[in-house]
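Fold and contact review
What follows is the residue order along each chain.
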Amino acid sequence: METAIKFDNMGRVILAGGAVVGLGALCYYGLGMSNEIGAIEKAVIWPQYVKDRIHSTYMYFAGSVGMTALSAVAVSRSPMLMNLMMRGSWLAIGATFAAMIGAGMLVRSISYDQSPGPKHLAWMLYAGVMGAVVAPVTLLGGPLLIRAAWYTAGIVGGLSTVAMCAPSEKFLSMGGPLAVGLGLVFASSIGSMFLPPTSAFGAGLYSVAIYGGLILFGMFLLYDTQKVIKRAESYPVYGVQKYDPINSCLGIYTDTLNIFIRVVTILANGSGSKRK
């Protein structure tokens, strides 16, 4: 138990360090101390179609978050569905991963321009599946979830501002390291299922999955935000396929969801420690 507490405290220290770095980046870029032009300065000269693309992308992002919340509440009120989502068997875990991956692939594969109806249905299905996946966290209670939602909104808002103020392609070169980090966090998440968190190795894997995952998905949010801006700026106006705001919003949506889940976990662990 003491080992788990040590790793938890270490994770909190690393997370605090990441927050300080993020705040420093916000001050550095926000005060215009960088010599390069950021997206927020370029926004003044954006054509109207670029502004419309970014606006529609974030509207779909907000809609995705809203539908996910509604789906989570609906599933939490169904004992049968909650029992299904909370099963720890490998069959249930595999089915959950298959549903998430399948719904994500489906929504990305349908043309926004040529099949708007099926595209929107697939988008709602994907948000609904993700809501079902996060539904078990509703058992932690409304006050904790509201706090987690506010913290997540603050993190996402702050990091999005950093991405907007930073040079327009500053974070787009992080794709390779982020992919490696994602593999590490995923492996840690799988490993922590087999090892008790009270053991040294199990506690280490758990901390990497939670605290390391929070930092990783924060960096993914920087990357995906600038990716949205870059795509909106560079996608051909008269291309064969029109700009797809649904596909463009999925990156920042999944980043936000992963950040929220980890914030909830950290707050729940903190509440548990205080009760002890």
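Residues numbered from 1 in each chain as written. Predicted model: local features only at pLDDT ≥ 70, side-chain atom pairs only at ≥ 80, totals over all residues. Heavy atoms only, no water.

**Considerations on the packing of aromatic side chains**
Under the criterion given, the structure shown has 6 aromatic pairs. Residues Y60 and Y112 carry aromatic rings whose centres are separated by 6.2 Å and whose planes lie at 90° to one another, so their mutual orientation is edge-to-face. Placement of Y60 in helix α3 (residues 48–76) and of Y112 in the loop between α5 (90–109) and α6 (116–134) is noted, with a sequence separation of 52 residues between them. Taking the relative accessible area as the measure of exposure, Y60 reaches 14% and is therefore buried. On the basis of relative accessible area, Y112 is assigned to the partly exposed category, the value being 24%. Considering the side-chain rings of Y235 and Y243, the 6.1 Å spacing of their centres and the 75° angle between planes classify their relative orientation as edge-to-face. Taking the relative accessible area as the measure of exposure, Y235 reaches 26% and is therefore partly exposed. Residue classification places Y243 among the buried positions, given a relative accessible area of 8%. (Phe/Tyr/Trp six-rings, centres within 6.5 Å; stacked < 30°, edge-to-face > 60°. Helix = DSSP H or I, 4+ residues; strand = E, 2+ residues; numbered from the N terminus. Buried < 20%, exposed > 50% of the residue type's maximum accessible area, 1.4 Å probe, protein only.)

**Looking at a nonpolar patch on the surface**
Together, F97, I101, M105 and F186 make up a nonpolar patch on the protein surface, roughly 410 Å² of accessible area in all. Per-element tally for the nonpolar patch: the top contributor is α5, with 3 residues. Note that M105 resides in helix α5. (Patch = residues over 30% accessible without salt bridge, like charges linked within 9 Å, V, L, I, M, F, W, Y side chains within 5 Å. Areas by Shrake-Rupley, 256 points an atom, 1.4 Å probe, with all protein chains shown as cover. Salt bridge = Lys/Arg side-chain N within 4 Å of Asp/Glu carboxyl O.)

**Points about the packing of α3 against α6**
For the pair α3 and α6, the least separation of the axes is 7 Å and the interaxial angle reads 50°. As far as their axial angle goes, α6 and α3 are oblique. Relative to α6, the crossing made by α3 is right-handed. Contacts from Y60, G63, S64, M67, T68, S71, A72 and V75 in α3 reach H120, W123, M124, A127, G128, M130, G131, A132 and V134 in α6. Its residues assigned to classes, the contact of α3 with α6 comprises 10 nonpolar, 7 polar and no charged. (Axes fitted to C-alpha atoms, helices over the stretch in contact; angles between N-to-C directions. Parallel < 35°, antiparallel > 145°, perpendicular 65-115°, else oblique. Left-handed = near helix turned anticlockwise from the far one by under 90°. Contact = heavy atoms within 4.5 Å. Nonpolar A, V, L, I, M, F, W, Y, C, P; charged D, E, K, R; others polar.)

**Things to note about the nonpolar core**
As a rule of thumb, soluble globular proteins bury nonpolar side chains together. Ranked by internal contacts, the top residues of the largest apolar core, which has 52 residues, are V107, Y126, L222, Y253, I259 and V264. Listing elements by their share of this core, those giving two or more residues are α3, α5, α6, α7 (142–165), α8 (175–194), α9 (200–234) and α10 (245–275). Considering each element in turn, this core owes the most residues, 13 residues, to α10. If we skip the residues at most four places from it in the chain, V264 touches V137, L140, L144, L145 and A148. Grouped together as the second largest cluster of nonpolar side chains are 7 residues, V50, I229, A232 and Y243 included. (Core = buried A, V, L, I, M, F, W, Y, C linked by side-chain atoms within 4.5 Å.)

**Notes on α7**
Helix length check: α7 (24 residues) gives 34 Å between terminal C-alpha atoms against 34 Å at 1.5 Å per residue, within 8%. Regarding α7, the residues found buried are L144, L145, A148, T152, V156, L159, S160, V162, A163 and C165. (Expected span 1.5 Å × (residues − 1).)

**So, the confidence of the model for the chain**
The predicted model of the chain has a mean per-residue pLDDT of 77, with 73% of residues at 70 or higher. Note that residues 1–5 has pLDDT below 50 and, in this model, 9 contacts with residues that lie over four places away or in other chains. Between residues 26–33, whose pLDDT stays under 50, and residues either more than four places distant or in other chains, the model counts 15 contacts. (pLDDT = per-residue confidence, 0-100.)

**Digging into α3**
With 29 residues, α3 extends 42 Å from end C-alpha to end C-alpha; this agrees with the ideal 42 Å at 1.5 Å per step. Those residues of α3 not exposed but buried are V50, R53, I54, T57, Y60, F61, S64, T68, S71, A72 and V75.

**Description of the pattern of salt bridges**
Taken as a whole and judged by the stated rule, the model has 1 salt bridge. Ionic pairing is found between D244 and K119, a salt bridge with its closest N-O pair at 2.9 Å. Here D244, found in the loop between α9 and α10, pairs with K119, found in helix α6; they are 125 residues apart in sequence, far enough to count as distant. The pair D244 / K119 is uniform in exposure class, with both members buried.

**Notes on the side chain of D224**
Relative to the helices and strands, D224 resides in helix α9. Here D224 sits buried without a salt bridge, and the closest side chain of opposite charge, K227, lies 4.9 Å off (N-O distance). Contacts of D224, omitting those with residues within four sequence positions, involve G251, I252 and D255. (Lys, Arg positive; Asp, Glu negative; His and termini not counted.)

**Here we look at the environment of Y151**
Residue placement: Y151 occurs in helix α7. Not counting the four nearest positions on each side in its chain, Y151 is found in contact with V263 and L267.

**Some details on the environment of A99**
Along the polypeptide, A99 turns up in helix α5. The exposure class assigned to A99 is partly exposed, which follows from its relative accessible area of 35%. C-alpha of A99 to C-alpha of V133: the two residues are 34 residues apart in sequence and 9.6 Å apart in space.

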